[in-house]
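Now for the letters of each chain:
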Amino acid sequence: MAVQRPLHTGWTLRAADGREFPAAVPGCVHTDLLAAGAIPDPFLDDNEDRLHWIGRSAWVYETTFDGIDGERVDLVAEGLDTVAAVELNGVELGRTANMHRSYRFDTAGALRPSGNVLRVRFDSAYDYAERVRDEVGARPNAYPEPFQYIRKMASNFGWDWGPTVVTAGIWRPIGLHAWSTARLARVRPLVGADRVDLHVDLERGRPAALRLRMEVAGRTTTAEIAPDATAATVSLEVPDARRWWPRGHGDQPLYDLQVTLEDAGGARLDAWHRRIGFRTVEWDTTADADGSRFTLVVNGRPIFVRGVNWIPDDAFVTRVDRARYAERIAQACDAGVNYLRVWGGGIYESDDFYDLADELGLLVGQDFPFACAAYPEEPPIGPEVAAEAREQVVRLMPHPSLVLWVGNNENIWGYHDWGWPEELQGRTWGEGYYLDVLPRIVASLDPTRTYWPGSPYSGTPDLHPNDPSHGTTHIWDVWNTHDYRHYGTYRPRFLAEFGFQAPPAYATLRRSVTAEPLTPESSHQKATGGNEKLLRGLSGHFPPPSSFDDWHWSTQLNQACALAFGIEHFRSLKPLCMGTIMWQLNDDWPVTSWSAVDGDGRRKPLWYALRRVYAPQLLTIQPRDGGLALVALNDTPARWQTPLEVRRVSFTGAVLAKTAITLDVPPGGAATVPLPPDVATADDPSAELLVAGDAVWFFAEDVDLRYPAPAVDVAVRPISGGVALDVTARTFVRDLTVFPDRVDPSATIDRQLVTLLPGESVTLTVHGTTNTDPAAWSAAPVLRTANDLVAR
C-alpha cells in the first residue's frame, strides 16, 4: 500500500543576507516575515509600497526529516510559487517555474533513512519574468508589470483593485509518497446522468498484472490490467442515481467514488477517492433572430445565471482556508447567487472551494489563468501552459459544480480593441492557446464540459468578441465613461462582467488607515481615476458630497443603485438574456473597489441590493412601449401564482391610483404586465412612487425628488446575541440603512436599503453588539437615508 507523509513542520526561511525566520508550510515569504514581525502589515496604510523588494529577492526554505521506506519514494510538491530549485541532501531534484501545477521528484540516490535536509530556493519572480520578456520580446498588457511572462497568479503583480505583493513560497502541500509496483498517475471520471466512465493512467515501477476496482453508489466493477499496460478503462451504470441540481432547482446528492489499484493477489497498491454528482450540462449557443444564445442547460432545464465574479479572497492565497471559503461562499449564496466565475487573473481554485460549491449547488465557470495581456506562446511559457492545463482539467473534472472552462479574461477583446496588433508586430499573443491548445486539451480529457475561448467572446473569430448579440459580454463603458442608466440601452445575451465602485465599510477603512482625518483619498484606490469616476458617477443622482461621511454613504448607495438598476433591466430581458455575472463578489485586501463584500469580509449596501435583485422570484417595474410594465421573473421550478396590487403613492402615503393583478408565471418563465396609464403616470413626478410588492419605481432621480427631511423613531431591544432595532417612519424615507460597524466593528445587520412610507415600521436585527442606547443608532453617520443627501 502506498504511504504518504506530509512535510509541513520544522521549516525555516532564510533571506539573502543570512537572516532566518520560522516558516509556515503551506505559506509564503510575506506571511512568514509578517508573523516574525520583520515587516509591517502590507495591507495597512502605504506599507505595500515599501515592501516591493520582497518580490525582487531570493529566498530559501529548509527543513529536516527522517525518510520512509518504499520501492519508490517521491517528493510531491502540489504547489511551488514559482521559480524554484529543489535540493535534497545536496542533490538537486529539479527546477520549477509554474505556480499553477504540481511537481513529482524521484528521490532515489538522495533520500536517507534519517537526517534528510530538504532545501527549496526561490529566485525572484521579477527576475525570471523580465528575463523571459527580454528573450521573447515585449508584449502589451493592462498594467506596467511583467505578469504574462511567468506562470504565476497575475494579480500578485497588482491590479486595479489589488496590491502588488509578488510572493514566493511553498504554497500548497508538500510531502513524501512511497509506492511499489505501480501507482495511479491520473484518474479521469467522465460522469453523466447515470453512468461513470473511468479512465486511469498508471506509472509503473515494474511489470506486473494488476486489477482496477471502481465503487460508487453501492456498485462495484473491476478490470484486469496486463503486466505492461499503462492505462485502463472501466464503466459503471447507476440507473437509480439521483440527479445533482443547481441550488434552487433541486437537491445536491453527492456519491463517493472509490478507485483502487490492486496487485494480482488483491493487495492494495494505491487508492483515489472523490465525491461526484450525476448530472448533464450543456450550453445552448444556437443562432436565433436576435443573434445567438448563451444559455446554461442542466439536466435538460435552462438555468438563468445569477452570478458574481470571484477573485482570490486574499492577496496571500495561503491564508484562505476552508472556513474562510465557507464564509465567503455562504455570503454569495445568501445574496441569491447561483454561479461563481473564477476570474483569469487568479488561480485554479482549490479543492475546498469546489467541494463547497458541490455541496451548496453553486455553479462554477473556471477561467484558465490568462488576463488582460498578450501572452507569449513560445518556450518556456508554451510548454508550461499545456502541462498545467492537462493537470488542472483532470484535477477539477470530478466536481459537478464545474460547468464551463473559459480560455482567458479579455485577451481576445484586447487584441481587437486595445491596439495590440500594432505593438505586437506579428509576435504571438495567446490566440494559439485559446483557439487550439486549450480546447484540444479539454475535448480530449473532459469531453463532458463546454470550453469557451474567452470572456468576452461571441462564439466565432468572425464576430467582434464583445458583441452583445452573441455569446458573453463585458460592459465597462458604464463606470469608465457613462452613467449607469446607460445599462438600459444594452440587450446582451449573457453578461459576464459589469460593475461599479464604492469604498469599503467604515470599520474596514478605520482598521487599514491610521491617518486623520479620513478623506476620500484615505482608502486604498488602485483604479486609475477611480475617485474621480466615483464623483462623476454621482452626477445626476446625488449632490456632490460635502463631508467624508456623506461621500462614504452616497458612493456606497450609488453603487447599490447602479447594480440594482442594471441587474433588474438585464433580468427583465429573459429569455433573451440568460445570465448576469456581476463584477465582483469579494476583495483580496481593504480597498475601494467593485466588490459587494469588502476585504475584511464586511457586506456593503450593494450586497443587500444584490440579495433583492437576485431573488429567485423577482418583481421589477420597467419601461415598456412608452409606458411602464410590471415584469415578474421566476427562476424556480414551480409555477408562481399570486394576487398583487400595484399602487401609485405620494410621499405622504396617500394612494393616488391602484390596479389589481393576478400573476401566473410558469416555472423558469417571465411575465410582463402593462400598467394602466392612471397608475403609470405621475401627477407630481418629484413626490410620487409606484409600489408593487417589494418593487418600487420612482419617476425622477434622487437629486430631483422632493424628499422630506427624514424623521424616524428608533427603539432598541436586547435579543440573544445582539439587539433589535424597531424603526418607525414619521416621514417618507428611502433606502434607510443602519451601519452597525460604526457602533461596534464586529456588529452585523440583517437588512439595509429599506424604503418606508409614513407610519410604516421595520425591525432590523443586529448581531455582535450589546449597545441598547437609542442615541447610538438613530442618527448619522450610523443611520442614513437617501433623504439625508438631497432633502431641501
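Check the entry above for the structure.
Residues numbered from 1 in each chain as written. Predicted model: local features only at pLDDT ≥ 70, side-chain atom pairs only at ≥ 80, totals over all residues. Heavy atoms only, no water.

A.B. asks: Go over the overall build of the chain with me, naming the residues and quoting the values.
C.D. replies: Counting secondary structure elements, the chain contains 16 helices and 46 strands. What you see for the chain is a C-alpha radius of gyration of 28 Å, in line with the 28 Å of a compact globule of 792 residues. With the C-alpha coordinates of the chain rotated into their principal frame, the extents come out at 85 × 60 × 60 Å. Residue burial in the chain is summarised as follows: out of 792 residues, 60% are buried. Restricting the contact set of the chain to residue pairs at least 6 apart, pairs at least 24 apart contribute 68%. Roughly 28100 Å² of accessible area belongs to the chain as shown, and the carbon and sulfur atoms make up 49% of that amount. Counting 75 positive and 103 negative side-chain charges, the chain places the centres of these two groups 3 Å from one another. (Helix = DSSP H or I, 4+ residues; strand = E, 2+ residues; numbered from the N terminus. Rg over C-alpha atoms; globule rule 2.2 N^0.38 Å. Buried < 20%, exposed > 50% of the residue type's maximum accessible area, 1.4 Å probe, protein only. Contact = heavy atoms within 4.5 Å. Areas by Shrake-Rupley, 256 points an atom, 1.4 Å probe, with all protein chains shown as cover. Lys, Arg positive; Asp, Glu negative; His and termini not counted. Charge placed at Lys NZ, Arg CZ, Asp CG, Glu CD.)

A.B. asks: Residue-level account of the packing of helix H3 (residues 322–334) against helix H4 (residues 351–360), with values.
C.D. replies: At a closest axis distance of 10 Å, the pairing of H3 and H4 adopts a crossing angle of 40 degrees. The orientation of H3 relative to H4 falls into the category oblique. Every pair of crossing elements has a handedness; the one defined by H3 and H4 is right-handed. From H3, Arg322, Tyr325, Ala326, Ile329 and Cys333 reach across to H4, where they touch Asp352, Phe353, Asp355, Leu356, Glu359 and Leu360. When its residues are assigned to classes, the contact of H3 with H4 shows 7 nonpolar, no polar and 4 charged. (Axes fitted to C-alpha atoms, helices over the stretch in contact; angles between N-to-C directions. Parallel < 35°, antiparallel > 145°, perpendicular 65-115°, else oblique. Left-handed = near helix turned anticlockwise from the far one by under 90°. Nonpolar A, V, L, I, M, F, W, Y, C, P; charged D, E, K, R; others polar.)

A.B. asks: Account for the environment of Thr748, with residues named and values stated.
C.D. replies: Locating Thr748 in the fold gives a position in strand E43 (residues 748–749). For Thr748, a relative accessible area of 39% puts it in the partly exposed group. Put simply, Thr748 and Phe105 are 643 residues apart on the chain and 49 Å apart in space, counted from C-alpha to C-alpha.

A.B. asks: Report on the sheet that holds strand E42 (residues 733–738), specifying residues and quantitative values.
C.D. replies: Strand order in the open sheet made by the 3 strands is E44-E42-E46, with antiparallel pairing throughout. The sheet terminates laterally at strand E44 (754–756) and strand E46 (783–784), the two strands that pair on one side only. Looking at chain direction, E42 and E44 are connected through 2 bridges and run antiparallel. When the bridges of E44 are listed, Val733 appears paired with Leu756. (Pairing = 2+ DSSP bridges.)

A.B. asks: Requested: an account of the packing of aromatic side chains, with residues and values cited.
C.D. replies: Scanning the entire structure with this criterion turns up 51 aromatic pairs. When the centroid spacing of 5.8 Å and the interplanar angle of 85 degrees are considered together, the rings of Tyr61 and Phe122 count as edge-to-face. Pair noted here: Tyr61 is in strand E4 (residues 59–65) and Phe122 is in strand E10 (residues 116–122), with a separation of 61 residues, a long-range link. You can call Phe122 buried: its relative accessible area is 0%. Pairing Trp476 with Trp594 gives two aromatic rings, centres 5.9 Å apart and planes at 80 degrees, and the pair type is edge-to-face. Taken as a pair, Trp476 in the loop between strand E30 (473–474) and helix H9 (477–480) and Trp594 in the loop between strand E32 (579–582) and helix H13 (605–613) lie far apart in primary sequence, 118 residues in all. Each member of the pair, Trp476 together with Trp594, is buried. By way of ring pairs, the aromatic residues Tyr143, Phe147, Trp159, Trp161, Trp343 and Trp583 are connected into one cluster. Between Arg571 and the ring centre of Phe304, over which it is positioned, the NZ or CZ distance is 5.7 Å. Sitting over the ring of Trp607, Arg603 keeps its end group 4.5 Å from the ring centre. (Phe/Tyr/Trp six-rings, centres within 6.5 Å; stacked < 30°, edge-to-face > 60°. Lys NZ or Arg CZ within 6 Å of the ring centre and 35° of its normal.)

A.B. asks: Let's hear about H3: which residues, and what values?
C.D. replies: In this model, H3 (13 residues) spans 18 Å end to end at C-alpha, consistent with the 18 Å of a helix rising 1.5 Å per residue. Of the positions making up H3, those classed as buried are Arg324, Tyr325, Arg328, Ile329, Gln331, Ala332 and Cys333. Packing partners of the buried residues in H3 comprise strand E25 (305–310), strand E26 (339–342), H4 and H13. Positive phi appears at Gly336, one or two residues downstream of H3, with a value of about 85 degrees. (Expected span 1.5 Å × (residues − 1).)

A.B. asks: Hey, could you go over the pairing of strand E33 (residues 617–624) for me, with residue numbers and the actual values?
C.D. replies: Examined bridge by bridge, E33 and strand E34 (residues 627–634) share 8 bridges and lie antiparallel to one another. Counterpart to Thr620 in the pairing with E34 is Val631. Counted along the chain from E33 to the antiparallel partner E34, the turn is 2 residues long, and its residue Asp625 has a positive phi close to 55 degrees.

A.B. asks: Talk me through unusual backbone geometry; I want residue IDs and the actual numbers.
C.D. replies: In the segment running from Asp81 into Thr82, the intervening peptide bond is cis, with an omega of -5 degrees. The topology assignment puts Thr82 in the loop between strand E6 (80–81) and strand E7 (83–88). Following Trp583, the chain continues to Gln584 via a peptide bond in cis, the omega torsion being 5 degrees. For Gln584, the position within the fold is in the loop between E32 and H13. The backbone phi angle of Asp45 is positive, close to 50 degrees, even though this residue is not glycine. On the secondary structure map, Asp45 appears in the loop between helix H1 (29–35) and E4. On the basis of relative accessible area, Asp45 is assigned to the partly exposed category, the value being 26%.

A.B. asks: Any chance you could break down the packing of helix H12 (residues 548–572) against H13 for me, citing the residues and the numbers?
C.D. replies: Packing of H12 against H13 brings their axes to within 8 Å, and their N-to-C directions diverge by 20 degrees. Here H12 lies roughly parallel to H13, going by the angle between them. Helix-helix and strand crossings are classified by hand; for H12 and H13 the assignment is right-handed. Contacts between H12 and H13 involve Gln556, Gln559, Ala560, Leu563, Ala564, Ile567, Glu568 and Arg571 on the former and, on the latter, Pro605, Leu606, Ala609, Leu610, Arg612 and Val613. Residues belonging to the contact of H12 with H13 are distributed by class as follows: 9 nonpolar, 2 polar and 3 charged.

A.B. asks: Outline the pairing of strand E13 (residues 182–191), listing residues and values.
C.D. replies: Side-chain direction in a regular strand flips from residue to residue, so the side chains alternate between the two faces of the sheet. Most of E13 sits out of view: 8 of its 10 residues are buried. Inspection of the sheet shows E13 paired to strand E14 (residues 195–204) by 9 bridges, in the antiparallel sense. Within the sheet, the bridge partner assigned to Arg188 lies in E14 and is His199. Adjacent in sequence and paired antiparallel, E13 and E14 are bridged by 3 residues.

A.B. asks: Break down the side chain of Glu688 for me, citing the residues and quoting the values.
C.D. replies: On the secondary structure map, Glu688 appears in strand E38 (residues 688–692). Within the structure, the side chain of Glu688 is placed 3.3 Å from the backbone nitrogen of Asp683, a separation counted as a polar contact. (Polar contact = N/O pair within 3.5 Å; in protein donor to acceptor, adjacent residues only side chain to side chain.)

A.B. asks: Give a description of the sheet that holds strand E19 (residues 268–276) that names residues and reports values.
C.D. replies: The 4 strands are arranged E16-E15-E18-E19 in an open sheet whose pairing can be described as antiparallel. Only two strands of the sheet have a single partner each, and these edge strands are strand E16 (219–225) and E19. Taking the axes of each pair of neighbouring strands and ignoring which way they run, one obtains an average angle of 15 degrees across the sheet. Relative to strand E18 (residues 255–263), strand E15 (residues 210–216) runs antiparallel, the two sharing 7 bridges. Looking across to E18, one finds that Glu215 is bridged to Gln258.

A.B. asks: Got a sec to walk through the environment of Thr481? Specific residues and values, please.
C.D. replies: As for its position among the elements, Thr481 is in the loop between H9 and strand E31 (495–497). On the basis of relative accessibility, which here comes to 53%, the residue Thr481 falls in the exposed class. Note: C-alpha distance between Thr481 and Lys533 (52 residues apart in sequence) is 8.1 Å.

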